[in-house]
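Fold and geometry: a report
Listed below, chain by chain, are the residues.
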Amino acid sequence: MHSEHEKQPLPISKKALITLFDYLDGEANSCDCTLTKTTQFLQAKGHPVGQVVSWLEAHGGYCDCEVMLNLMCRFDDILDRD
Ligand SMILES: [Zn+2]
């Protein structure tokens, strides 16, 4: 289910999300087609994992490398309401 034109509120701060991208940038080259590294990172930082994951999935991030591919480059577009 893609709902790209729905602007879901970002469940964590923009800064926290950028920190996630930075982390994945170093880690996701060994992506196993799950959100394992993303969820581990979120847990370690004490973020609401379920909410962030459903937000990422709503924007096409279904695994660690897709989070990078589909969200990182379109970040400004996705968050244009800020
Ligand atoms: Zn992947």
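Summarised in this report is the structure supplied together with it. Nothing here was measured: the structure is a model prediction, and the numbers come from that model. (Residues numbered from 1 in each chain as written. Predicted model: local features only at pLDDT ≥ 70, side-chain atom pairs only at ≥ 80, totals over all residues.)

1. Some words on the overall build of the protein
- In terms of helices and strands, the protein carries five helices and zero strands.
- Counting all 82 residues of the protein, 24% fall into the buried class.
- Put simply, 59% of the contacts in the protein that link residues at least 6 apart link residues at least 24 apart. (Helix = DSSP H or I, 4+ residues; strand = E, 2+ residues; numbered from the N terminus. Buried ≥ 20, exposed ≤ 12 C-beta atoms within 10 Å, placed from the backbone. Contact = placed C-beta atoms within 7 Å.)

2. Some thoughts on the packing of helix H1 (residues 14–27) against helix H4 (residues 64–72)
- The N-to-C vectors of H1 and H4 enclose an angle of 125 degrees; their axes lie 10 Å apart at closest approach. Taken together, the axes of H1 and H4 lie oblique to each other. By crossing handedness, the relation of H1 to H4 is classed as left-handed. Contacts between H1 and H4 involve Phe-21, Leu-24 and Asp-25 from the first element and Asp-64, Val-67, Met-68 and Met-72 from the second. (Axes fitted to C-alpha atoms, helices over the stretch in contact; angles between N-to-C directions. Parallel < 35°, antiparallel > 145°, perpendicular 65-115°, else oblique. Left-handed = near helix turned anticlockwise from the far one by under 90°.)

3. Points about the nonpolar core
- With 11 residues, the main nonpolar core is built from Leu-17, Leu-20, Leu-24, Phe-41, Leu-42, Val-52, Leu-56, Val-67, Met-68, Leu-71 and Ile-78.
- Those elements that place two or more of their residues in this core are H1, helix H2 (36–45), helix H3 (49–58) and H4.
- The contact partners of Leu-20, leaving out residues within four places of it in the chain, are Thr-38 and Phe-41. (Core = buried A, V, L, I, M, F, W, Y, C linked by C-beta atoms within 7 Å.)

4. Concerning H2
- Among all positions in H2, only Lys-37, Thr-38, Phe-41 and Leu-42 are buried. Projection of H2 onto a plane perpendicular to its axis shows the buried side chains occupying an angular sector of 135 degrees, all on one side. Opposite its buried face, H2 presents the exposed residues Gln-43 and Ala-44, each directed more than 90 degrees away.
- In this fold, the buried residues of H2 make contact with H1, H3 and H4. (Arc of directions from axis to C-beta.)

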